[in-house]
Amino acid sequence: MNAIVLSGIWGVVMMFAGLFLKSSKQIQWTALLGIIALLVVSILDYQAHSVQAQTYFGMMTIDVYTSWFSILITACCAMYLLIFHKDIAAVGKNEAEYFALIFFVMCGVYLLASYSNLLILFLGIEILSIPQYILAGSDKENIKSNEASLKYFLMGAFSTGLLLMGMTLIYGATGSFDITSEKFVGQFEQLSSMSSLSFVGILLLLISFGFKVSAAPLHLWTPDVYDGSPTAFTPFMATIVKVSVFVAFIRLFHFSFGNVSDAWQIAIASMIVLTLIIGNVTAVYQQSLKRMMAYSSIAQAGFMLFSIFAVNSTLAYKGILLYSVVYSLASIGVFAVIIKMKDYTYDGFNGLAKKQPVLAFTATVCLLSLVGIPLTGGFFAKYFVLSAVVEQGKYIWIVVFAVLMAAISAYYYFRVIRSMYFKTGEAAMHTEPTTWDKTLLILNAMIILLLGVLPSLVFG
Amino acid sequence: MNGANILFYLLAAMILGSGLLAVTTRQLFRAAIYLLFSLIGMAGMYFWLQYEFIAAVQVVVYVGGITVLIIFSIFLTQQAGEKMLVKKTGQQIFAAIAAFCGFALVMVQIVQNNFTATKNLSLSPSVTNIGNQMLGVDKGGYALPFEVVSILLLAALIGSIVIALRTPTQTS
């Protein structure tokens, strides 16, 4: 709860920082101070809630799982801000406002992690989305950034409409927004007694969530938005925001709709298959690394959907926690290298290993983790979400299919590694990395490797 | 058929009729005006249900606020008098199919679901009650969402300024 309050307050603080602080350095330091404070507060929250869950006004329930996720996601955000704070400030003139919007998004993230009322779910998703539309369009001179912003806004507004429609139907069937109330729980106890209103409601919520996590066939906005947005904000949208929507997704569909999973599991299964095919196969044909990462984020969402698919499995919760952290850190690590380059195509990376061995090494570790090679965190992340489905015993063929798709993904990830190590070229840099950047990137890569050996570190 | 029923069907005809006109007219400005009448009809429906406060909110927010906003944006972006282009046949067919699917979805719900009439209100919709509920901090009170909305609005406000501002204001 304190983290929610602090993130809201720090957004306002950042706003005033833009007014009173003259130098860009000071603004960046204020933002870093804020995220560190947020990390400390979320750890304190965790200690306060580790004994028993607490309900706030019947709107939010904060338990161990929730507050532990808050710590992890804040840590990922801290890593993002530490690596990218200079690039964020370089995007445009309203640097303090960009940081303010990021803190507001964090407020939405905490709400999504802990809601127990559909109203808070809606508000959380909106607080998460609206600042993102702005961040996508923050490079105002660039027409692609404008396009990204408008596209994201229109599609996002449409999916919010579906979300609200779904909530309305479920409210009509249950008479309550509170997902812990008797009326709500009773409605979703078994499939035979569920009204048709709830069925359509669940379907609409599924579509809306699928849109937010960019699952196919609702992924169409993703490549243009991730590609068009300033490179400093793309990793934020693709990682921290996406995984927190996943946590909201799993919270509603496992805790509330878990007993009626027969009604929606088949829809998720087809989403997974489509997402994996479209994400992986299209990524193979991309020439720009930034666009490839956009498709890769669709493909990775396909894997994360497995944790939604495997209902009532503890492995699924562990899997989504590990996947969130590993995927976020690995994507942040890759984008941190992309943003330093002048040319975002594969050829632009030729010969990077000779010129910047540290950057090439950290990018390699991150890419290997995205493939899911053993000894990196990505391996266990994929292992947990897939074995959650195997444990359930249904739809084993999807697991086989997913492993095949992971093999395809190796092609486009390894292509980057090949460019960096085995091709000769200039690898023109946009900005030279400082020692501080390199230290952070090595730390990031080390965490990924550490999680590849000791994945239990993120289970709390 | 008593007076209340007649009133209901009149309001329903107004909402649906102007709604239909809003989507079929080829002039954007007229569509906005038809939408205005549709929204007024909704407000009338709330009055008919004796939800006076909600009816007032409907008039103030939707009729007064949203429609004016829509008209403003039409004047800022489009040539208000010009007719919109007729869409290609393929697009029209797809739009018709999509609209029909939406209609079928809603109709199936209405037909399948048993709506039981009830005389007892779950809550008296007086302004006092709504106010107490909105700022209540006990279970079922909406104080938390109320505060969260303020963060949402602040974020939206900052965002729109960032997007709309040409150069950052220099205040010392």
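Here, every reference points to the structure presented above.
No experiment lies behind these values; they were computed from the predicted model shown. (Residues numbered from 1 in each chain as written. Chains lettered and ligands numbered in written order. Predicted model: local features only at pLDDT ≥ 70, side-chain atom pairs only at ≥ 80, totals over all residues. Heavy atoms only, no water.)

Draft legend 1. Region of interest: the overall build of chain A. Of the regular secondary structure elements, chain A holds 18 helices and two strands. For 460 residues, the compact-globule estimate of 2.2 N^0.38 gives 23 Å, and chain A sits close to it at 21 Å. Overall size of chain A, expressed as C-alpha extent along the three principal axes, is 65 × 55 × 45 Å. Of the contacts formed within chain A by residues at least 6 apart in sequence, a portion of 80% connects residues at least 24 apart. Accessible surface, chain A: about 15800 Å² in total, of which carbon and sulfur atoms supply 68%. Within chain A, the 21 negative side-chain charges are centred at a point lying 8 Å from the centre of the 24 positive side-chain charges. (Helix = DSSP H or I, 4+ residues; strand = E, 2+ residues; numbered from the N terminus. Rg over C-alpha atoms; globule rule 2.2 N^0.38 Å. Contact = heavy atoms within 4.5 Å. Areas by Shrake-Rupley, 256 points an atom, 1.4 Å probe, with all protein chains shown as cover. Lys, Arg positive; Asp, Glu negative; His and termini not counted. Charge placed at Lys NZ, Arg CZ, Asp CG, Glu CD.)

Draft legend 2. Quick peek at the interface of chain A and chain B. In this assembly, 34 residues from chain A lie in contact with 29 residues from chain B. For the chain A and chain B pair, buried surface summed over both sides reaches about 2800 Å², with 78% attributable to carbon and sulfur atoms. Our count for the chain A to chain B interface comes out at five residue pairs in polar contact (both at pLDDT 80 or more). When residues of the side of chain A that touches chain B are assigned to their parent elements, the largest contribution, eight residues, is made by helix H5 (residues 118-136) of chain A. Residues of the side of chain A that touches chain B, tallied by class, amount to 22 nonpolar, six polar and six charged. (Buried area = accessible area lost by both parts, 1.4 Å probe. Polar contact = N/O pair within 3.5 Å; in protein donor to acceptor, adjacent residues only side chain to side chain. Nonpolar A, V, L, I, M, F, W, Y, C, P; charged D, E, K, R; others polar.)

Draft legend 3. Region of interest: the packing of aromatic side chains. Residues and elements named next belong to chain A. Scanning the entire structure with this criterion turns up 35 aromatic pairs over all chains. Arranged with centres 5.5 Å apart and planes meeting at 75 degrees, the rings of Tyr98 and Phe233 form a pair that is edge-to-face. Here Tyr98 is found in helix H4 (residues 95-114), whereas its partner Phe233 is found in the loop between helix H9 (221-228) and helix H10 (234-256), with 135 residues between them in sequence. When its relative accessible area of 1% is taken as the criterion, Tyr98 is described as buried. Ring centres 6.0 Å apart and planes at 10 degrees place the aromatic pair Phe255 and Tyr317 in the stacked group. Of this pair, Phe255 sits in helix H10 while Tyr317 sits in helix H13 (residues 314-338), placing them 62 residues apart in sequence. Through a chain of ring-to-ring contacts, the aromatic side chains of Phe184, Phe188, Phe209, Phe246, Phe249, Phe253, Phe257 and Trp264 assemble into a single cluster. Cation over ring: Arg251 sits above Tyr115, and NZ or CZ is 5.6 Å from the ring centre. (Phe/Tyr/Trp six-rings, centres within 6.5 Å; stacked < 30°, edge-to-face > 60°. Buried < 20%, exposed > 50% of the residue type's maximum accessible area, 1.4 Å probe, protein only. Lys NZ or Arg CZ within 6 Å of the ring centre and 35° of its normal.)

Draft legend 4. Highlighting the packing of helix H12 (residues 289-309) of chain A against H13 of chain A. All names here are of chain A. With their axes 10 Å apart at the nearest point, H12 and H13 run at an angle of 175 degrees to one another. Relative to H13, the element H12 lies roughly antiparallel. Contacts between H12 and H13 pair Leu289, Lys290, Met293, Ser297, Gln300, Phe303, Met304 and Ser307 from the former with Ala316, Ile320, Tyr323, Tyr327, Ser331, Val334, Phe335 and Ile338 from the latter. Residues of the contact of H12 with H13, tallied by class, amount to eleven nonpolar, four polar and one charged. (Axes fitted to C-alpha atoms, helices over the stretch in contact; angles between N-to-C directions. Parallel < 35°, antiparallel > 145°, perpendicular 65-115°, else oblique.)

Draft legend 5. View of the environment of Phe209 of chain A. All names here are of chain A. If you trace the backbone, Phe209 turns up in helix H8 (residues 196-212). For Phe209, a relative accessible area of 0% gives the class buried. Remark: the alpha-carbon pair of Phe209 and Ser159, spanning 50 residues in sequence, is separated by 8.2 Å. Contacts of Phe209, omitting those with residues within four sequence positions, involve Leu121, Ile125, Val245, Ala248, Phe249, Leu252 and Phe253.

Draft legend 6. The arrangement of H10 of chain A in detail. All names here are of chain A. Its 23 residues place the ends of H10 32 Å apart at the C-alpha level, agreeing with the 33 Å of an ideal helix rising 1.5 Å per residue. Maximum bend of H10: about 25 degrees, positioned at Lys242. Counting buried residues in H10 gives 22 out of 23 residues, a clear majority hidden from the surface. (Expected span 1.5 Å × (residues − 1). Bend = angle between axes of the 7 residues up to and from the residue.)

Draft legend 7. Up close: the environment of Ile130 of chain B. Within the fold, Ile130 of chain B resides in helix H5 (residues 127-134). Judged by relative accessible area, Ile130 of chain B falls into the partly exposed class, the value being 21%.

Draft legend 8. Molecular detail of unusual backbone geometry. With an omega dihedral of 0 degrees, the bond running from Ala216 of chain A to Pro217 of chain A counts as a cis peptide bond. When you line up the elements, Pro217 of chain A lands in the loop between H8 and H9. The phi dihedral of Leu375 of chain A is positive, around 80 degrees, even though this residue is not glycine. Along the chain, Leu375 of chain A turns up in the loop between helix H15 (357-371) and helix H16 (377-392). Residue Leu375 of chain A is classed as exposed on the basis of its relative accessible area of 60%. At Gln50 of chain B, a position not held by glycine, the phi torsion is positive, near 65 degrees. One can find Gln50 of chain B in the loop between helix H2 (28-48) and helix H3 (52-77).

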